[in-house]
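Chains, contacts and geometry: an overview
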Amino acid sequence: QVQLVESGGGSVQAGGSLRLSCAPSGRTFGRDGMGWFRQAPGKEREFVAAIKWSGSSTMHADSLKGRFTISKDNAKDTVYLQMNSLKPEDTAVYYCAAETRRTWLTQNQYDYDYWGQGTQVTVSS
């Protein structure tokens with residue numbers, strides 16, 4: 001059974017930083033892609049960033065480049081989302097997801113096969 005466990009969410013003031021973690025289990029993630037998405041109240045879920053399990057390539061939403069960075073610790077088999085210079089509009093539930101069928105990274109949430117339970121990030125002004 002595949003599980004994606006997110007952690008690291010919380011409340012922070014604008015300008016602050018948070019690092020989210022995603023620890024997947026239950027599958028050998030050889031060539032899979034891992035993604036971060038977020039969903040704010042009343043809005044559609046949107047792509048944030050993705051990384052190949054090998055760490056060989058990454059992709060970031062254009063609007064978040066320079067502030068958000070996805071990475072992977074191979075020793076810990078954990079994917080991270082470093083979020084800097086946070087803004088109130090970054091407030092959302094952040095989800096980790098795994099995509100298992102493609103050799104390329106994708107921003108399409110419907111391409112992802114497994115999802116975590118989400119972690120809340122709240123940024124106050």
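In this report, we go over the structure that sits alongside the text. (Residues numbered from 1 in each chain as written. Predicted model: local features only at pLDDT ≥ 70, side-chain atom pairs only at ≥ 80, totals over all residues. Heavy atoms only, no water.)

Regarding the pairing of strand E5 (residues 46–52)
In terms of burial, E5 is a largely internal element, 6 of the 7 residues being buried. Of the strand pairs in this sheet, strand E4 (residues 33–39) and E5 are connected by 6 bridges, and their pairing is antiparallel. In the strand pairing of E5, Gly35 is matched with Ala50. Following E4, the chain reverses through 6 residues before pairing antiparallel with E5; Gly42 in that reversal takes a positive phi of roughly 75°. Across 3 bridges, E5 lies against strand E6 (residues 58–60) in antiparallel orientation. Within the sheet, the bridge partner assigned to Ala49 lies in E6 and is His60. With antiparallel pairing between neighbouring strands as the criterion, E5 and E6 make up a hairpin whose turn holds 5 residues, including Gly55 at a positive phi of roughly 80°. (Buried < 20%, exposed > 50% of the residue type's maximum accessible area, 1.4 Å probe, protein only. Helix = DSSP H or I, 4+ residues; strand = E, 2+ residues; numbered from the N terminus. Pairing = 2+ DSSP bridges.)

What about the state of the cysteines?
By the definition in use, this model includes 1 disulfide. One disulfide in the model links Cys22 with Cys96; its S-S distance is 1.9 Å. Of note, the bridge from Cys22 to Cys96 carries an S-S torsion of about -75° and is left-handed in sense. Pair noted here: Cys22 is in strand E3 (residues 18–25) and Cys96 is in strand E9 (residues 92–99), with a separation of 74 residues, a long-range link. For the pair shown, Cys22 and Cys96 are each scored as buried. (Disulfide = S-S within 2.5 Å.)

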